[in-house]
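Read off the chains here:
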Amino acid sequence: MKELMLGNKAVARGLYEAGVCFISSYPGTPSTEITEEAAKYDEMYAEWAPNEKVAMESAFGAALSGSRAFCGQKHVGLNVAADPLFTMSYTGINAGLVIGVADDAGMHSSQNEQDSRHYAIAAKLPMLEPSDSMEALEFTKLAYELSEKYDTPVILKMCTRVAHSQSVVETGERSVSKKEYEKNIEKYVMTPANAKRRHPFVEERQRKLAELAETIEINRIEDNGSDIGIITSSTSYQYVKEVFGDSVSVLKLGMINPLPEKKIRDFANSVKTLYVVEELDPIIEDYVKRLGIEVKGKELLTEIGEFSQNILRKALRGEEVSSKKLAEEIPVRPPVMCAGCPHRGLFYTLKKNKCTVLGDIGCYTLGNAAPLRTIELTLCMGASISSLHGFNKARGKESENNTVCVIGDSTFMHSGMTGLANIAYNQSNSTVIILDNSTTGMTGHQHNPTTGFNIKGDPAGKINLEALCKAMGFERVRVVDPYDLKACDEAVKEELAADAPSVIITRRPCALLKTVKKLPPLKVDTDKCIGCTACMKIGCPAISMKDGKACVDHTQCTGCNVCSQMCAKDAFSVRGEA
């Protein structure tokens, strides 16, 4: 059967056909849909784990038991899972284990632009890199074959364009085979003595995989008899084919680690001019240069951002590509928190109180944008709490009474708890604000351990944030509704004034959740409105100024009433009421 599939959906189909039984992931764009699509197959158990490290360790346990397993994350998630990743290279696996990672060249939804190929090289693990949806399915199935044949986890590297583009996929049938678990202390218990014996195995496996790279079909030469040769992979291969067609010869690499030395040498000897086209870091290019082969790459093509057909035309052909311009300039439309976002009232309160606010990873990071401009730090998942501790310990009374951190409920479960434990243990006078919007909003409303539902929406274990914080040693824990500006103001003032660590939980579900009923929209009485623009200070996209008066877009307004609490003239009322 043939159908159009997103690359991520094709990976999920590959997991199904490969007989995978266990999937544990953490949502992160552009990888999220792999696990969401996989969860639709009842034959495979799928879950969201609290973070990527837990997900990878869980998947390893499933593979150890004898069932094929998968763990998915985005590129920065692989940082979190790096600890088990490197040691799993030594232990090897029992049943097949594939690690999916999706890079985000161009930083469409990420805080950095790292290249995950470095992890495959450093951990000495094979990495496969598909260039379209059909390859995403096929490479996923191949990864399990390689995993079990060579006793190794295999990394499947996606990128934004392959993950989120569609191409034709031909599906097959599911085939399941399980292995028995056998006790093997020397293989799986990585004490120094055992690890020393496993390291030579890793090096020998690398040698065998390098031999495989020379003959494996996914590393192929497309010899078009040209004097120009291009080595490429992933989505860059698609750009090369679209720009050059059959006018150049191509070495298309599907196995990106280890690289095939002999095949590269043979290909280089068959052309007069050799290029490497790869996004982000010059990993293939540097390898080719270490072989003593003359090659052109990053002196022509950037290490920053995504490529495109026009970038290749200009860099490799010297063509000046003209683009059509619109008759009118489109206004810049930066991302903003949604109308009715429960975070808006809290951020307004923090700004009004002139707080220094250390932020975290989530849709609430948009609190850094005008007009609120509240968030002053975004580093990585969970960093807000740890950074607040260090900030206040270093500055003492100078910052304790006006500095807070904010972190979402999902991010808190991901990696905020250990930072909170550090505050409790080492007693910095810090105020932590957990923004509980009952979902993982940033990546599309996935459940987390605080929501009480699993990946399929079925009832699941639910962690009580208040009880958890108190159990960690916090005596001052309070819950407020972020739509209530007065309650937020009192909570912030009182907890900052207290001479003790404290937690404020702002609890209000995300306005976009299907289960949240919108209140009637508001309207403005233009006779009462004096055009003071006080309501504009919260940056709600449903409010604008028209003819010097505030105006509410009733198609966007959720009736949260935050704006009405800011109006000294009582100009806001419910639409439809007299």
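In case you missed it, the structure is sitting above this.
Residues numbered from 1 in each chain as written. Predicted model: local features only at pLDDT ≥ 70, side-chain atom pairs only at ≥ 80, totals over all residues. Heavy atoms only, no water.

### Here's the deal with the overall build of the protein
Just so we agree on the cut-off: In this text, helices come from DSSP runs of H or I with a minimum length of four residues, and strands from runs of E with a minimum of two, each type numbered from the N-terminal end. Only heavy atoms enter the contact rule, under which two residues are in contact if any of them lie within 4.5 Å. Only the protein chains shown count as cover for residues, and all accessible areas are computed by the Shrake-Rupley method using a 1.4 Å probe.
Along the protein, the regular secondary structure elements total 21 helices and 22 strands. In terms of its C-alpha atoms, the protein occupies a principal-axis envelope of roughly 80 × 65 × 50 Å. Pairs at least 24 apart in sequence give 74% of the contacts found in the protein among residues at least 6 apart. Looking at the protein as shown, the accessible area adds up to about 25,700 Å², and 51% of this sits on carbon and sulfur atoms.

### Re the packing of helix α11 (residues 234-244) against helix α14 (residues 309-317)
Note the following rule: Where helices are involved, their axes are fitted lines through C-alpha atoms of the stretch in contact, as for all axes, and angles between N-to-C directions lie from 0 to 180°. Geometric relationships in this document are graded by angle, where less than 35 degrees denotes roughly parallel, more than 145 denotes roughly antiparallel, 65 to 115 denotes roughly perpendicular, and other angles denote oblique. Handedness of a crossing follows from how the near helix is turned relative to the far one, being left-handed for an anticlockwise turn of less than a right angle and right-handed for a clockwise one. Each residue is assigned to one of three groups, with Ala, Val, Leu, Ile, Met, Phe, Trp, Tyr, Cys and Pro labelled nonpolar, Asp, Glu, Lys and Arg labelled charged, and all others, Gly among them, labelled polar.
Across the interface, α11 lies against α14 with an axial gap of 9 Å and an inter-helix angle of 65°. When the axis of α11 is compared with that of α14, the two are roughly perpendicular. Of the two elements, α11 crosses α14, and the hand of that crossing is right-handed. The residues of α14 that touch α11, namely those facing Y239, V240, E242, V243 and F244, are Q309, L312, R313, L316 and R317. In the contact of α11 with α14, the residues fall into six nonpolar, one polar and three charged.

### Topic: the nonpolar core
Going by this rule: In this text, buried Ala, Val, Leu, Ile, Met, Phe, Trp, Tyr and Cys residues form a nonpolar core when linked through side-chain atoms within 4.5 Å. When accessible area is computed with a 1.4 Å probe and restricted to protein chains, residues below 20% of their type maximum are described as buried, those above 50% as exposed, and intermediate ones as partly exposed.
Within the largest apolar cluster, 59 residues are counted, with the highest numbers of intra-cluster contacts made by F347, L350, V406, F412, V432, I434 and V503. Each residue touching F412, except ones within four places of it in the same chain, is listed here: I385, I407, M417, L420, I434, L465, L468 and C469.

### A closer look at the sheet that holds strand β9 (residues 219-222)
Rules: Paired strands, as defined in this entry, are two strands with at least two bridges between them according to DSSP.
Pairing is mixed in the open sheet, where four strands are placed in the order β9-β11-β10-β13. Where the open sheet ends on each side, the last strands, each with one partner, are β9 and β13 (273-277). Ignoring strand direction, the axes of neighbouring strands in this sheet form an average angle of 15°. With five bridges connecting them, strand β10 (residues 228-233) and β13 associate as parallel partners. Within β13, the residue paired with I231 across the bridge is V276. Here α11 sits on the sheet in contact with β9, β10, β11 (249-253) and β13, set at roughly 145° to β10. This element, helix α12 (residues 261-269), spans β9, β10, β11 and β13 of the sheet and lies at about 170° to β11.

### Regarding the side chain of N257
Rule in force here: Under the rule applied, a polar contact is a pair of N or O atoms within 3.5 Å (in protein, one hydrogen donor and one hydrogen acceptor; residues adjacent in sequence only if both atoms are side-chain atoms).
When you line up the elements, N257 lands in strand β12 (residues 255-257). A residue is classified by how much of its surface remains accessible, and N257, at 9% relative accessible area, is buried. A polar side-chain atom of N257 sits 3.2 Å from the main-chain carbonyl oxygen of A120. Apart from residues lying up to four places away in sequence, N257 is in contact with A120, I121, L125, P126, M127 and Q206.

### Things to note about the pattern of salt bridges
Let me state the cut-off plainly: Here, a salt bridge means any side-chain nitrogen of Lys or Arg that lies within 4 Å of a carboxyl oxygen of Asp or Glu.
In this structure the tally under the stated criterion is 37 salt bridges. Close ionic contact of K157 with E129 constitutes a salt bridge, the shortest N to O distance being 2.6 Å. Of this pair, K157 sits in strand β7 (residues 154-159) while E129 sits in the loop between β6 (127-128) and α7 (133-150), and the two are 28 residues apart along the sequence. For E495, the salt bridge identified is with R476, shortest N-O distance 2.8 Å. Note that E495 is positioned in helix α20 (residues 485-497) and R476 in strand β17 (residues 476-480), a separation of 19 residues in sequence. Bridged by salt links that share partners, the residues E135, R220, E222, K241, D246 and K252 form one connected network.

### With respect to the side chain of K74
Formally: Positive charges come from Lys and Arg alone, negative charges from Asp and Glu alone, with His and the N- and C-terminal ends not counted.
For K74, the location among the structural elements is in strand β4 (residues 69-74). Nearest to the buried, unbridged K74 among oppositely charged side chains is D104, at 4.8 Å. Within the structure, the side chain of K74 is placed 2.8 Å from the backbone oxygen of T29, a separation counted as a polar contact. Within polar-contact distance, the side chain of K74 engages the side chain of S110 at 2.8 Å. Sequence-distant contacts of K74, that is, excluding residues within four places in its chain, are made with G28, T29, P30, S31, V101, A102, S109 and S110.

### Considering the pairing of strand β2 (residues 22-25)
The condition is simple: Note on handedness: a clockwise path from strand one over the helix to strand two, with the strands aimed away from the viewer, defines a right-handed crossover.
Alternating positions in β2 separate into two faces, F22 and S24 on one and I23 and S25 on the other, with burial throughout. In this structure, β2 lies alongside strand β3 (residues 45-48), joined through four bridges in parallel fashion. Residue pairing for β3: S24 is matched across the bridge by E47. Taken together, β2, helix α2 (residues 32-38) and β3 constitute a β-α-β crossover, and its handedness is right-handed.

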